[in-house]
Amino acid sequence: MKVAIYGQYYQNSTEPIIRDIFVFFNRNQVEMVIESEFLALLYEKEIVRKEYQTFSSHDQLDKSFDMLISIGGDGTMLRAATLVRDSGIPLLGVNAGRLGFLASVQKENIENFLQLVIERKYTISPRSLLSVACDPENESIQNLSFALNEISVSRKDTTSMITIETYLNDEYLNSYWADGLIIATPTGSTGYSLSCGGPILTPDVASLVITPIAPHNLNARPLVIPDDTEIRLKVSGREEFYLVSLDSRITSVRNESVLVINKTPYQINMVEIEGETFLKTLRNKLLWGEDKRN
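Residues numbered from 1 in each chain as written. Predicted model: local features only at pLDDT ≥ 70, side-chain atom pairs only at ≥ 80, totals over all residues. Heavy atoms only, no water.

### Observations regarding helix α1 (residues 15-27)
Then comes step 1: For α1, spanning 13 residues, the distance from its first C-alpha to its last is 18 Å, which sits close to the expected 18 Å at 1.5 Å a residue.
Then comes step 2: Those residues of α1 that fall on the buried side of the exposure criterion are Glu 15, Ile 17, Ile 18, Ile 21, Phe 22, Phe 24 and Phe 25.
Then comes step 3: Tucked into the core, α1 has its buried residues touching β1 (2-7), β2 (31-35), α2 (36-44), β4 (67-72), β5 (91-95) and α4 (110-118).
Then comes step 4: Positive phi shows up at Gln 29, right after α1, with a value of about 55 degrees. (Helix = DSSP H or I, 4+ residues; strand = E, 2+ residues; numbered from the N terminus. Expected span 1.5 Å × (residues − 1). Buried < 20%, exposed > 50% of the residue type's maximum accessible area, 1.4 Å probe, protein only. Contact = heavy atoms within 4.5 Å.)

As C-alpha cells, then:
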C-alpha cells in the first residue's frame, strides 16, 4: 500500500497522533510519501528521523497512490483537497483539531482505524465541488481552482453592505442586500453556511445551498437548489473591490464583475470508515440527543 501524507502541526495535540501513524505504517510496511513542508517541520521538531520520499504539488500525485491522509482539522482537509484535485485519489482525514466534520477519524483508537485502512475496509463518499469563472477574467480567481465547502462573496474595506444580483440558469432570483452570500455544497453545509442559518444537507444530496450573510431583509432566507444549476452573481457596493473566497482561499475582485458558479465535472473521493458515518458525526459534534430526558 502507498499513501501520501499531508498535515499541520499543533504543539499540544498532533505529536502523539503523528507518531502513532508513522509507527503503525512503518510496522505494516506501508510506503509513505510526505508533503515536503510538513516533513521538514517534522524533522525540525524531531518527531521523525527516517528519510522519506516527498511531494510538493498535486501533479506529483498519480494513480500509484492508494490514499492521501490529512492530519489536522477541517482546514487541513480543505487544503489537502487542493492536492488531490481531479486525480480520484481517496482522501482520509485524521482529526487533530476541534470540531472536525470533514476529518472523520478521531485520535482515540487511531490504530484500529488505520488497521481498517490497510485492510481496505472502508467506503468512498463522493463529494461535489464548485468552480467559478469571472467576467472580466481574473487571474487570481483562475488560480484558486475549486471549492469543496463553499464559494462566498463578501464586503471588503467597508462596513456598508453590498448588493448581490443573483441569477439561476439566467433567470433572475433576487438582489441580496447583505454582508455577503454563500454558495455551499452538501459538504460545506455544516460549515460557514450553517453558522449563517443554512440547513444541513447529507453528502449524497444533489443540491447546493444559497445562504445570505447578515441580510438587511430578514425574509431573505437560505435556498436549496439542484446542483446542476448555473449561478451568476453581480456584486456592487461603495468600495472598488469585494472579496471572493473558495473555502479558505481569498482574493479581491473588482466591483461590478460577474461571477459564474458551476459544479465541477469531477468529485473528491472521501474515505468513510465503518462506524464513523456522517450521521454519527452530526450526533457527536452537534450534541444531538444530549438531553437528560434521553
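### Observations regarding the nonpolar core
Then comes step 1: Of all hydrophobic cores here, the largest spans 32 residues; its most connected members are Ile 5, Ile 21, Phe 22 and Phe 25.
Then comes step 2: Those elements that place two or more of their residues in this core are β1, α1, β2, α2, β4, β5, α4 and β20 (268-273).
Then comes step 3: Sorting elements by how many residues they give to this core places α1 first, with 6 residues.
Then comes step 4: Ignoring any residue separated from it by four or fewer positions in sequence, one finds Ile 5 in contact with Ile 21, Phe 22, Phe 25, Met 32, Val 33, Ile 34, Glu 35, Phe 38, Phe 55, Ile 69 and Ile 71. (Core = buried A, V, L, I, M, F, W, Y, C linked by side-chain atoms within 4.5 Å.)

### Considering the pattern of salt bridges
Then comes step 1: One pass over the full model with this rule turns up 10 salt bridges.
Then comes step 2: The partner of Lys 263 in a salt bridge is Asp 227, and the shortest N-O contact between them spans 3.2 Å. Here Asp 227 lies in the loop between β15 (223-226) and β16 (231-236) and Lys 263 lies in strand β19 (residues 258-263), a separation of 36 residues in the sequence.
Then comes step 3: Residue classification places Asp 227 among the buried residues on the basis of a relative accessible area of 9%.
Then comes step 4: A salt bridge links Glu 240 to Arg 254; the shortest N-O distance between them is 2.3 Å. A residue pair is termed long-range when its members are at least 10 positions apart, and Glu 240 in the loop between β16 and β17 (241-246) and Arg 254 in strand β18 (residues 249-254) qualify at 14 residues. (Salt bridge = Lys/Arg side-chain N within 4 Å of Asp/Glu carboxyl O.)

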